[in-house]
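Here is what each chain is made of, one letter per residue.
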Amino acid sequence: MTTIYDDLDAHAKAVADQVVQWRHHLHQHPELSNREVNTAALIADHLRSLKPDEVRTGIAGHGVVGVLRGGRPGDRVIALRADIDALPVPDMCGVDFTSHVIDQDYPGGPFPVSHACGHDCHTAMLMGAATVLAEVREQLSGTVVFVFQPAEEGPPVDEKGGAAEMLAEGALDDPAPTMVFGFHVVPLPKGWIGYRAGVQFSASCLVKITITGQQVHGSTPWMGIDPMPAAGAVLTGIGQLYRQVSAYDPVTVTIGHVEDVGRFNIIGQTVTLWGTIRSAVEADMPEVQKRLETLAAHTAQAYNCSATVEFMQDVPAVHNQPAWIEAGLPTFRRVAGADKVIPAPPTLGYDDISEMVNKYGGLYVMLGVQDMRIDASGTPSPVPGGRGIAMNHNPHFYADDDTLVTGVRLHAQVAYDYLGGVLNPSPQNAPTGA
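Residues numbered from 1 in each chain as written. Predicted model: local features only at pLDDT ≥ 70, side-chain atom pairs only at ≥ 80, totals over all residues. Heavy atoms only, no water.

K.L.:
Give a description of the pattern of salt bridges that names residues and reports values.
P.N.:
According to the stated counting rule, one finds 16 salt bridges in the structure shown. A salt bridge links Arg23 to Asp120; the nearest nitrogen and oxygen atoms lie 2.9 Å apart. Of the two residues, Arg23 sits in helix H1 (residues 4-28) while Asp120 sits in helix H3 (residues 119-135), which places them 97 residues apart along the sequence. The residue Arg23 makes a salt bridge to Asp401 at a minimum N-O spacing of 2.9 Å. Here Arg23, found in helix H1, pairs with Asp401, found in the loop between strand S20 (380-382) and helix H9 (404-419); they are 378 residues apart in sequence, far enough to count as distant. (Salt bridge = Lys/Arg side-chain N within 4 Å of Asp/Glu carboxyl O. Helix = DSSP H or I, 4+ residues; strand = E, 2+ residues; numbered from the N terminus.)

K.L.:
Outline the confidence of the model for the chain, listing residues and values.
P.N.:
For the chain, per-residue confidence averages 95 on the pLDDT scale, and residues scoring 70 or more make up 98% of the total. For residues 429-434, every residue scores under 50 in pLDDT, and the model assigns this stretch 8 contacts once sequence neighbours within four places are set aside. (pLDDT = per-residue confidence, 0-100. Contact = heavy atoms within 4.5 Å.)

K.L.:
Lay out helix H2 (residues 37-49) with the relevant residues and their values.
P.N.:
Over its 13 residues, H2 extends 19 Å from the first C-alpha to the last, a length consistent with the 18 Å expected when each residue adds 1.5 Å. Every buried residue of H2 is accounted for by Thr39, Ala40, Ile43, Ala44, His46 and Leu47. One face of H2 carries all of its buried residues, which in axial projection span an arc of 165°. Phi turns positive, to about 55°, at Lys51, one or two residues after H2. (Expected span 1.5 Å × (residues − 1). Buried < 20%, exposed > 50% of the residue type's maximum accessible area, 1.4 Å probe, protein only. Arc of directions from axis to C-beta.)

K.L.:
Just give me the short version of the pairing of strand S6 (residues 141-149), but keep the residues and values in it.
P.N.:
With respect to burial, S6 is a largely interior element, 9 of its 9 residues being buried. Relative to S6, strand S2 (residues 63-69) is paired through 6 bridges, and the arrangement is antiparallel. Considered in S6, the bridge of Val65 is made with Val147. In this structure, strand S3 (residues 72-83) lies alongside S6, joined through 8 bridges in parallel fashion. Looking across to S6, one finds that Arg72 is bridged to Ser141. (Pairing = 2+ DSSP bridges.)

K.L.:
Outline the packing of helix H5 (residues 227-238) against helix H6 (residues 285-302), listing residues and values.
P.N.:
The interhelical angle for the contact between H5 and H6, taken along N-to-C directions, is 145°, at an axis separation of 9 Å. The handedness of the crossing between H5 and H6 comes out as right-handed. Contacts between H5 and H6 involve Ala230, Ala233, Val234, Gly237 and Ile238 from the former and Leu292, Leu295, Ala296, Thr299 and Ala300 from the latter. Tallied by class, the residues present in the contact of H5 with H6 amount to 8 nonpolar, 2 polar and no charged. (Axes fitted to C-alpha atoms, helices over the stretch in contact; angles between N-to-C directions. Left-handed = near helix turned anticlockwise from the far one by under 90°. Nonpolar A, V, L, I, M, F, W, Y, C, P; charged D, E, K, R; others polar.)

K.L.:
Can you explain the sheet that holds strand S12 (residues 251-260)? Please cite residues and give values.
P.N.:
Taken in spatial order, the 4 strands of this open sheet run S12-S14-S10-S15, and their pairing is antiparallel. Every interior strand has two partners, whereas the edge strands, S12 and strand S15 (306-315), have only one. Neighbour-to-neighbour, the strand axes of the sheet open up by a mean angle of 20°, direction not taken into account. Pairing geometry for S12 and strand S14 (residues 270-279), over 9 bridges, is antiparallel.

K.L.:
Go over the environment of Met366 with me, naming the residues and quoting the values.
P.N.:
Relative to the assigned elements, Met366 resides in strand S18 (residues 362-370). For the pair Met366 and Asp401, spaced 35 residues apart in sequence, the C-alpha to C-alpha distance is 16 Å.

K.L.:
Before we move on, can you summarise the nonpolar core with the specific residues and values?
P.N.:
Formed by 63 residues in total, the largest nonpolar core has its most connected members in Ile78, Leu133, Phe146, Phe148, Phe181 and Phe332. The element best represented in this core is H3, accounting for 10 residues. Ignoring anything within four residues of it in the chain, the contact list for Phe148 reads Ile43, Leu47, Gly63, Val64, Ala82, Ile84, Thr123, Leu126, Met127 and Met166. (Core = buried A, V, L, I, M, F, W, Y, C linked by side-chain atoms within 4.5 Å.)

K.L.:
Go over the side chain of Asp400 with me, naming the residues and quoting the values.
P.N.:
Mapped onto the elements, Asp400 comes out in the loop between S20 and H9. The buried category is assigned to Asp400, whose relative accessible area is 10%. Within the structure, Asp400 has its side chain in polar contact with the backbone nitrogen of Asp402 (distance 2.9 Å). (Polar contact = N/O pair within 3.5 Å; in protein donor to acceptor, adjacent residues only side chain to side chain.)

K.L.:
Describe in detail the sheet that holds strand S7 (residues 179-189), supporting the description with residues and values.
P.N.:
The sheet built from 8 strands is open, its strands ordered S1-S2-S6-S3-S7-S18-S8-S17 with mixed pairing. Two strands close off the open sheet at either side, each with one partner strand: strand S1 (54-59) and strand S17 (341-343). Recorded for the sheet is a direction-independent mean angle of 25° between the axes of neighbouring strands. Running over the sheet, helix H7 (residues 322-336) touches S7, strand S8 (193-195), S17 and S18 and is turned about 30° from S18. Helix-sheet contacts for H9 involve S3, S6, S7, S8 and S18, and the interaxial angle to S3 is about 150°.

K.L.:
How would you explain the packing of H1 against H9 if you had to name every residue and give the values?
P.N.:
Close contact between H1 and H9 brings their axes to 8 Å; oriented N to C, the two are set at 140°. Taken together, the axes of H1 and H9 lie oblique to each other. In the packing of H1 onto H9, the handedness of the crossing is right-handed. Of the residues in H9, those in contact with Ile4, Tyr5, Leu8, Asp9, Ala12, Lys13, Val15, Ala16, Val19, Val20 and Arg23 of H1 are Leu404, Val405, Val408, Arg409, Ala412, Gln413, Tyr416 and Asp417. Looking at the contact of H1 with H9, its residues break down into 13 nonpolar, 1 polar and 5 charged. (Parallel < 35°, antiparallel > 145°, perpendicular 65-115°, else oblique.)

So this is what it looks like as structure tokens:
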């Protein structure tokens with residue numbers, strides 16, 4: 001006798017080849033944040049083909065939302081979310097569907113563009129899950145909202161975008177979800193699910209430090225004020241900020257881009273440092289920002305320069321409430337196998353799905369997609385003969401195509417269980433003392 005889960009898995013298997021094809025197409029044709037025109041069109045066309053109750057486009061730039069109402073009565077609404085944007089990173093993952101896209105017009109570019117964070121997988125898997133859930137809509141007790149979000153990696157600094165902008169534009173106002181669910185592909189063993197109760201992903205902000213001196217010819221530095229040594233000193237000082245906050249709660253300040261307006265024989269007027277702060281405990285963020293401002297201002301002053309510090313694109317941490325985790329574990333174990341569902345270590349990565357999960361409640365977890373293993377002590381290592389371990393945002397990041405069907409099943413079964421009350425984050429599901 002077959003069960004609804006057998007049916008869901010059968011539908012997922014039936015769409016698996018199409019999911020792989022979508023993923024390959026998206027990987028070959030990546031689009032940067034707030035430029036996801038063709039990606040959004042592909043998504044919207046597919047959703048419309050499923051004949052849901054509603055498809056909305058153009059939200060927060062190129063966001064797409066589909067609404068599928070089940071055939072059975074129910075007040076629960078689950079939002080399944082995927083991010084759709086790519087990164088300004090070259091594609092060196094070695095597949096035959098490698099991206100060769102160069103964005104000539106993006107601010108600060110031109111940039112090579114690739115899906116070095118796996119958003120092509122997220123998008124394709126959610127498109128597949130929409131197909132599966134549309135097949136069983138008459139058996140759903142409630143409503144599924146498919147949320148395809150642009151600009152998760154952060155829009156250009158002079159533009160709005162991302163999850164916060166989707167919410168500001170009412171993307172989830174009607175129907176409002178009673179649960180938000182999503183997951184991120186990561187370097188874990190293929191098909192494994194990693195979860196963390198509490199802070200799953202850290203708080204983040206974008207940092208802009210502008211150090212100003214006085215422009216002059218390189219042959220007469222004493223006639224001007226060189227901001228470059230001050231910038232170097234600030235970079236060195238940042239490496240010591242971690243000693244000024246509690247060592248028990250990790251933080252990091254990273255400068256990823258240095259922008260100079262000089263020339264090989266010109267000492268420029270300014271040097272701009274672009275970076276990010278990550279904080280595992282959100283309450284630590286203001287203190288780190290304050291200490292970074294003090295460091296920049298006084299270090300610049302020591303070199304007779306001035307410095308201004310701006311903080312932008314604040315993203316809160318993703319909070320997985322223990323009761324939600326406890327409720328979701330049986331579904332995760334059914335999908336992946338009990339031995340492949342593990343507590344994940346903390347990370348200073350961020351994801352702005354936090355704007356949705358923190359507001360409406362829900363879960364955000366991790367799905368393993370790489371050739372690796374984890375021994376009894378929890379130590380990861382590459383699988384002999386495999387492709388190794390490549391971190392997100394690395395040009396060599398890769399994801400295994402055979403794992404995509406697991407993501408389709410995960411979306412579909414979480415949605416079915418939640419709408420049917422099987423995944424129920426009630427107080428009795430919370431661990432003792434939660």
